[in-house]
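Take a look at the letters that make up each chain.
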Amino acid sequence: KNEVEQSPQNLTAQEGEFITINCSYSVGISALHWLQQHPGGGIVSLFMLSSGKKKHGRLIATINIQEKHSSLHITASHPRDSAVYICAVRDQFYFGTGTSLTVIP
Amino acid sequence: GAVVSQHPSWVICKSGTSVKIECRSLDFQATTMFWYRQFPKQSLMLMATSNEGSKATYEQGVEKDKFLINHASLTLSTLTVTSAHPEDSSFYICSARDPTGSRANSPLHFGNGTRLTVT
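Because the structure is a prediction, the values reported are computed rather than measured.

Some words on the packing of aromatic side chains
Each pair of aromatic rings is reported with the distance of its centres and the angle of its planes.
For step 1, the next point in the chain: Under the definition given, this model contains three aromatic pairs over all chains.
For step 2, the next point in the chain: Both rings, one in B:Y36 and one in B:F110, keep their centres 5.8 Å apart while their planes meet at 35 degrees; by these two values the pair is tilted. Of this pair, B:Y36 sits in strand β4 (residues 32–38) while B:F110 is found in strand β10 (residues 108–110), placing the two residues 74 residues apart along the sequence.
For step 3, the next point in the chain: Arranged with centres 6.2 Å apart and planes meeting at 45 degrees, the rings of B:F67 and B:Y92 form a pair that is tilted. One end of the pair, B:F67, is in strand β7 (residues 67–73); the other, B:Y92, is in strand β9 (residues 90–97), with 25 residues separating them in the sequence.
For step 4, the next point in the chain: We classify B:Y92 as buried; its relative accessible area is 0%.
For step 5, the next point in the chain: The rings of A:F95, B:Y36 and B:F110 are connected pair by pair, giving a single aromatic cluster.

Considering the nonpolar core
For step 1, the next point in the chain: Ranked by internal contacts, the top residues of the largest apolar core, which has 25 residues, are B:V4, B:W35, B:F67, B:L79, B:Y92 and B:L116.
For step 2, the next point in the chain: Listed in part, the 24 residues of the second largest apolar core include A:C23, A:L32, A:L72 and A:L101.

Section: the pattern of salt bridges
For step 1, the next point in the chain: This structure, assessed with the given rule, holds three salt bridges over all chains.
For step 2, the next point in the chain: Put simply, A:D81 and A:R58 hold a salt bridge, and the shortest N to O gap is 2.8 Å. With A:D81 in the loop between β8 (69–74) and β9 (83–89) and A:R58 in the loop between β6 (52–56) and β7 (59–64), this residue pair connects regions lying 23 residues apart in the sequence.
For step 3, the next point in the chain: A:D81 gets classed as buried once you look at its relative accessible area, which sits at 6%.
For step 4, the next point in the chain: Here B:E22 makes a salt bridge to B:R24, at a shortest N to O gap of 3.5 Å.
For step 5, the next point in the chain: You can call B:E22 partly exposed: its relative accessible area is 23%.
For step 6, the next point in the chain: Assessed through its relative accessible area of 34%, B:R24 is described here as partly exposed.

Structural notes on the sheet that holds strand β8 (residues 76–81) of chain B
Residues and elements named next belong to chain B.
For step 1, the next point in the chain: Sheet architecture is open: four strands sit in the order β1-β3-β8-β7, paired in antiparallel fashion. Looking at strand neighbours, the two that pair on one side only are β1 (4–7) and β7, the edges of this open sheet. Between one strand axis and the next, the sheet turns through 15 degrees on average, direction left out of account.
For step 2, the next point in the chain: When strand β3 (residues 19–25) meets β8, the two strands line up antiparallel, connected through six bridges. The partner of V19 across the bridge, within β8, is V81.

What to know about the interface of chain A and chain B
For step 1, the next point in the chain: Counting residues at the interface gives 18 residues for chain A, matched by 18 residues for chain B.
For step 2, the next point in the chain: Between chain A and chain B, roughly 1,400 Å² of surface is buried when both sides are summed, and carbon and sulfur atoms account for 59% of that area.
For step 3, the next point in the chain: If you look at where chain A meets chain B, you find zero salt bridges.
For step 4, the next point in the chain: Taken together, the links from chain A to chain B amount to two residue pairs in polar contact (both at pLDDT 80 or more).
For step 5, the next point in the chain: Broken down by secondary-structure element, the contributors of at least two residues to the side of chain A that touches chain B are β4 (32–37) and β5 (43–49) of chain A.
For step 6, the next point in the chain: A per-class count over the side of chain A that touches chain B returns seven nonpolar, ten polar and one charged.

Quick look at unusual backbone geometry
For step 1, the next point in the chain: The residue after A:S7, namely A:P8, is reached through a cis peptide bond having omega -5 degrees.
For step 2, the next point in the chain: If you trace the backbone, A:P8 turns up in the loop between β1 (4–7) and β2 (10–14).
For step 3, the next point in the chain: Look at A:K68: it is not a glycine, yet its phi comes out positive at around 55 degrees.
For step 4, the next point in the chain: Here B:S83, not a glycine, exhibits a phi torsion of approximately 45 degrees, which is positive.
For step 5, the next point in the chain: Positionally, B:S83 belongs in the loop between β8 and β9.

Examining the pairing of β3(B)
All names here are of chain B.
For step 1, the next point in the chain: Residue alternation in β3 divides its side chains into a buried set, V19, I21, C23 and S25, and an unburied set, K20, E22 and R24.
For step 2, the next point in the chain: Of the pairings in the sheet, the one linking β1 to β3 comprises four bridges and is antiparallel in character. The partner of V4 across the bridge, within β3, is S25.

Each value, and the rule that gives it
- Residues numbered from 1 in each chain as written.
- Chains lettered and ligands numbered in written order.
- Predicted model: local features only at pLDDT ≥ 70, side-chain atom pairs only at ≥ 80, totals over all residues.
- Heavy atoms only, no water.
- Phe/Tyr/Trp six-rings, centres within 6.5 Å; stacked < 30°, edge-to-face > 60°.
- Helix = DSSP H or I, 4+ residues; strand = E, 2+ residues; numbered from the N terminus.
- Buried < 20%, exposed > 50% of the residue type's maximum accessible area, 1.4 Å probe, protein only.
- Core = buried A, V, L, I, M, F, W, Y, C linked by side-chain atoms within 4.5 Å.
- Salt bridge = Lys/Arg side-chain N within 4 Å of Asp/Glu carboxyl O.
- Pairing = 2+ DSSP bridges.
- Axes fitted to C-alpha atoms, helices over the stretch in contact; angles between N-to-C directions.
- Contact = heavy atoms within 4.5 Å.
- Buried area = accessible area lost by both parts, 1.4 Å probe.
- Polar contact = N/O pair within 3.5 Å; in protein donor to acceptor, adjacent residues only side chain to side chain.
- Nonpolar A, V, L, I, M, F, W, Y, C, P; charged D, E, K, R; others polar.

Spelled out as structure tokens, the structure:
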């Protein structure tokens, strides 16, 4: 069993749709990362959060420490959001297997 | 712009040769850098934690004599894949922790990765 589980593994959405990606973890953490990996391989850190909710543009990340669960939401999705989204648990650097998102125009 | 520069972005080498990958922090001093490996369609796997001025900490199953890490300055860590074999072909990524703020809140910045192909 992986320490970090993500769902779904693959997601196809129409442009404009609201998207949710989920992450559950089994280890203790002080913070959780949401990462975005583009087809070329480069990784961008979207959020680092340890409680509550953070918002950046059309992206929203929430975390429930008690339930060991985090979600990444994308509002008004756009084809440029197409990427692999990875949940990472900071302290021990466990990574989810990623969610491959494709947004169709 | 990028705050962590990784070089080269891709490299092809012959079996038995060694390859060095550099990871530089551009806008901050990084006492800690991290090296990851990623196989196709899989997520990142932490290989080692690179500590400036001291020995790297390797994750279980990662051969330290195979993957040599040097963190000689606060802005540069290098990963050398020694005596490379085709099974070492992979995507290698580094990250560096920006020390501003508390340890629990210091953000990670990633390099763009190095695609290694060993023939």
